[in-house]
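# Overview (structure and organization)
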Amino acid sequence: MFRSALLRGASACALTFAFAPDMTCAQEALPTIDIGASRAAQSEKPESPGAADKFGNLPKDTYVTPNASTATKMDVPLRDVPQSVKVITPQLIEDQGPQLQVYDLANQVSGVIGDPQGGGSGTHNTPLFTVRGFPTGGPILLDGMPRNYGYVGVDLSDIDHVEFAKGPSSTLYGAVFGFGGIVNFITKKPTDKFFAIISEGIGSFGFHRTTIDLNTPLREDKSVLFRLNAAFEERGFVNHYDYHDGISIAPALTWIFDNGDKFSFHGKYGVNHDRASGGLPLYPVFQYLPRERYFGDLRANQNNTLANATIKYEHAFDENWNITAIADYGRTGTLGPGFAPFFDGVSTIYENFGVNSSDTTDGLVGQVDLRGKFNTGPVKHNILLGLYRQNSWDKYYSTMNFASTPESINIFYPIYPADQCFVPTSGCSAAWLGQTTTTWLSAVYGQDLVEVTDQFKLLIGGRYDHEKQWTISRDPANLTGNGDNYLTTPQKYSHFSPHIGGVFQPFEETSIFAAWGQTFNPNNGNLTPGHPAPPQFADQYDVGVKQELFGGKVQVGATAFDITKKNLLTGDPTDPSGQRSILIGKYHSHGLEFDVGGEIFPNLRVNVAATFMHGLAGKDLNNLKGLPTFEGSELPQSPRRFYNFSGVYAFKDGALKGLEVGASFYYASKTSALFPNNPEANAYAVATGALFGPNQYPFMIAPIYNVGLLASYQVNDQLKIQLNANNLLDRANWKSSSGQQQRSEPRSIFANITYKFE
């Protein structure tokens, strides 16, 4: 490296002499170098590759960014954070094509598996991920605000980038964001320049997607900025029966006052119409039937709506202290018929009743964060203090119509049922259920990122949560056995979540970190009537290294993790009334993660993610219930190995200038379809026919191999054309998730045209 620098210096002198003979390269002309340069002088260094603009948007043409806020709620360099954080940049999102499903973002991140049961694009359903062997369960972050009520519809049209923060997260975000890690979707922010971008995508199976991105200042002094993102999508499926269509509209406004204060608004409205057969029962027979065969019900059409509004006010007291206040309101709703299918394990899916249901959730959230910087002697502090409050109300109503003779579908020769039992008729009986669940949550949290020396940093934090939840049920027909106007025992808990981590930086570009944290999640059940069970706990340990190369153009990370989850709840086998529960068992996950991203060679950007993981069930007390132990069973949706490579080469000059070509490869090793899956449980299931469903026995899900190609051409500054090909090997690529299995779409091709007005 020194030799290269010397040669570059000599070359510069030679060129100077050649073009200006009267000038010299005399050593005495060099300026004086101040070894003790201040931090202010250091800040004048060239901006790091991938740095966000002053509005918070990341640039294109890169797979890296130097900063992220999810892990600490502070905009600090990733190398200073004792946690593994992966940012999916706008360019990485764009390269995957217009058809990109939200859960497929996980393919680009080590330690994370996407769950197709959570839904894809559009505003219906919450993106689901399994992080380090533990499902996220639905809650995500949107611009750092927890969304853990109703469902959280995410459409990528208004998303700038996505941050995956792996490791303990209860310290900042609470109970439901604990195990494995969290996902934060960062929306596009208004800027001070006018532009309008229209994008039109088409593809296999009737895919059609239109997006609009309009940005404009509303005042000449550019103190008020507006941005609107909208999307319309139609998506068909290989079985010719499922469909999806929906719209998403997301306005955003930023108002910058003369004193520097900032007011921001972000809204979202979405409507979706879906018929989705979803996953299939976990029986191997379905893997041998034609991909085009439909196993759902043609009457299962659902309508889904989402409306959300977030306002934020930011005030800086001085250059070191600032405060941010956020208020968020959202409503989600699902309306439509559904079914309760049951597979006999041989050839027939039965539908015992139809359901017309309505589920509406309202959530109101408030949050205040105070950030400050100060010194205690030579030690520098970067602190965060926060308050959080959430109220949510979920209202569910359903009418169930029971058939005297269950309808059925033969999976080998399907004939789909007619309109039976959606309204009471002869041969049907009707009943209805209703319930309202209320949740109150309050929390206080704090954190200090301490710069002990230039090379050593310490992160200490904690959060105290207090939550209360209760449900009132209406059940005139006594279907649940609890009677009408039944009030559940209020679930209450209070808990403190600690987190500590340290970073050692032997060189400016190298960070070695270690962290420990305890996360938790409430259990739904009582140890005795009126005495709720304590929450589940997880102790998480991380040790890793981060390295920046080529001036920050490439980021490399390696992390070893170990997670133990305890306090799993099950019914007390000595209590015939079913009113008591006992705490048993634990789950354990450990492994290694590797991430590489950036421009490793000129004009070649790559993203590599590799995971080697083992998730197991620990000891339990199932023998008290006459069941086999789960100990040694591998955790569901947790392959031991999975990795991804994505690479794109851009031609920057010559006859091919504007052309980009790329390829991707994703692999996941085989997994067990059912849980438990240890030898004792397998033998018990085969010998008794129990433990699982009828005629249901453990089997393995085959490995996943997915190959994709990309080609794009930037015609001029305004027009870009892009082609994506997915699943070139045309493999089934089954996944098991949420108690079901689902096959990927076959080989498909998508085209996208983007035009920008400025």
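Structure report, in brief. (Residues numbered from 1 in each chain as written. Predicted model: local features only at pLDDT ≥ 70, side-chain atom pairs only at ≥ 80, totals over all residues. Heavy atoms only, no water.)

So, about the sheet that holds strand 10 (residues 181-187). The five strands are arranged 3-9-10-7-8 in an open sheet whose pairing can be described as mixed. Either end of the sheet is taken by a strand with one partner, and the two such strands are strand 3 (84-88) and strand 8 (145-147). Direction aside, the axes of adjacent strands within the sheet are offset by 25° on average. (Pairing = 2+ DSSP bridges. Helix = DSSP H or I, 4+ residues; strand = E, 2+ residues; numbered from the N terminus. Axes fitted to C-alpha atoms, helices over the stretch in contact; angles between N-to-C directions.)

In this structure the tally under the stated criterion is six cavities of 30 Å³ or more. Of the pockets and cavities examined, the largest cavity occupies roughly 350 Å³. In this structure, the largest cavity is lined by 26 residues; those nearest its centre are Val85, Lys546, Gln555, Val556 and Gly557. Among the elements of the structure, strand 3, strand 27 (536-549), strand 28 (554-571) and strand 29 (581-601) are those that each provide at least two residues to the lining of the largest cavity. Considered class by class, the residues forming the lining of the largest cavity number eleven nonpolar, seven polar and eight charged. In this model, the second largest cavity occupies a volume close to 150 Å³. In this structure, the second largest cavity is lined by 18 residues; those nearest its centre are Arg147, Val152, Gly153, Leu306 and Asn308. Where the lining of the second largest cavity is concerned, the elements lending two or more residues are strand 15 (262-275), strand 16 (302-316) and strand 17 (321-343). Looking at the lining of the second largest cavity residue by residue, the class counts come to eight nonpolar, five polar and five charged. (1 Å grid on protein atoms, 1.4 Å probe; cavity = no way out; pocket = protein on both sides within 12 Å on 5 of 7 lines; lining within 4 Å. Points joined across faces, edges and corners; volume = space filled by probe spheres on them. Nonpolar A, V, L, I, M, F, W, Y, C, P; charged D, E, K, R; others polar.)

The subject of this paragraph is the sheet that holds strand 5 (residues 128-131). Strand order in the open sheet formed by three strands is 4-5-6, and the pairing between neighbours is antiparallel. Looking at strand neighbours, the two that pair on one side only are strand 4 (112-115) and strand 6 (134-135), the edges of this open sheet. Of the strand pairs in this sheet, strand 5 and strand 6 are connected by two bridges, and their pairing is antiparallel. Across the sheet, residue valine 131 finds its bridge partner in strand 6, namely phenylalanine 134.

Once that is clear, we can look at unusual backbone geometry. Of the consecutive residues phenylalanine 675 and proline 676, the connecting peptide bond is found in the cis state with omega at 5°. For proline 676, the position within the fold is in the loop between strand 33 (671-672) and helix 5 (679-688).

Here we come to the packing of aromatic side chains. Applying the stated criterion to the full structure yields 20 aromatic pairs. Ring geometry for tyrosine 587 against phenylalanine 675: centres 5.8 Å apart, planes inclined by 80°, an arrangement best described as edge-to-face. Of the two residues, tyrosine 587 sits in strand 29 while phenylalanine 675 sits in the loop between strand 33 and helix 5, which places them 88 residues apart along the sequence. The exposure class assigned to tyrosine 587 is partly exposed, which follows from its relative accessible area of 21%. Look at phenylalanine 630 and phenylalanine 675: their rings are 5.6 Å apart centre to centre, the planes differ by 80°, and that puts the pair in the edge-to-face class. Residue phenylalanine 630 is located in the loop between strand 30 (604-617) and strand 31 (641-650), and its partner phenylalanine 675 is located in the loop between strand 33 and helix 5; the two are separated by 45 residues in the primary sequence. In this structure an aromatic cluster arises from ring pairing among Tyr283, Phe286, Phe295 and Phe343. Note that arginine 463 overlies the ring of tyrosine 388, its terminal NZ or CZ placed 5.2 Å from the centroid. The ring of phenylalanine 195 carries lysine 756 above its face, with NZ or CZ at 5.3 Å from the centroid. (Phe/Tyr/Trp six-rings, centres within 6.5 Å; stacked < 30°, edge-to-face > 60°. Buried < 20%, exposed > 50% of the residue type's maximum accessible area, 1.4 Å probe, protein only. Lys NZ or Arg CZ within 6 Å of the ring centre and 35° of its normal.)

To continue, consider the nonpolar core. Counting residues in each nonpolar core, the largest one holds 28 residues, and the members touching the most others are Val85 and Tyr388. Breaking this core down by element, the ones donating at least two residues are strand 3, helix 4 (170-173), strand 19 (379-410) and strand 20 (428-451). Of the residues forming this core, the biggest block, four residues, is contributed by strand 20. Other than its neighbours up to four places away in sequence, valine 85 contacts Ala68, Ala71, Leu78, Phe164 and Ala165. Core analysis: the second largest hydrophobic core is formed by 24 residues, Val102, Val109, Val162 and Val183 among them. (Core = buried A, V, L, I, M, F, W, Y, C linked by side-chain atoms within 4.5 Å. Contact = heavy atoms within 4.5 Å.)

This next bit is on the side chain of aspartate 369. Structurally, aspartate 369 can be placed in strand 18 (residues 348-376). Among the polar contacts made by the side chain of aspartate 369, one reaches the side chain of glutamine 367 at a distance of 3.3 Å. Within the structure, the side chain of aspartate 369 is placed 2.4 Å from the side chain of tyrosine 445, a separation counted as a polar contact. Contacts of aspartate 369, omitting those with residues within four sequence positions, involve Lys73, Asn322, Ile323, Thr324, Leu384, Leu385, Gly386 and Tyr445. (Polar contact = N/O pair within 3.5 Å; in protein donor to acceptor, adjacent residues only side chain to side chain.)

With the rule as written, the count across this model stands at 26 salt bridges. For aspartate 95, the salt bridge is made with arginine 605, and the minimal N-O distance between the two is 3.2 Å. Here aspartate 95 is found in helix 3 (residues 90-95), whereas its partner arginine 605 is found in strand 30, with 510 residues between them in sequence. The pair aspartate 95 / arginine 605 is uniform in exposure class, with both members buried. Of the charged contacts in the structure, one is a salt bridge between lysine 188 and aspartate 213, with a shortest N-O distance of 3.8 Å. Residue lysine 188 is found in the loop between strand 10 and strand 11 (195-203), and its partner aspartate 213 is found in strand 12 (residues 207-217); the two are separated by 25 residues along the sequence. Here lysine 188 and aspartate 213 have matching classes, each one buried. (Salt bridge = Lys/Arg side-chain N within 4 Å of Asp/Glu carboxyl O.)

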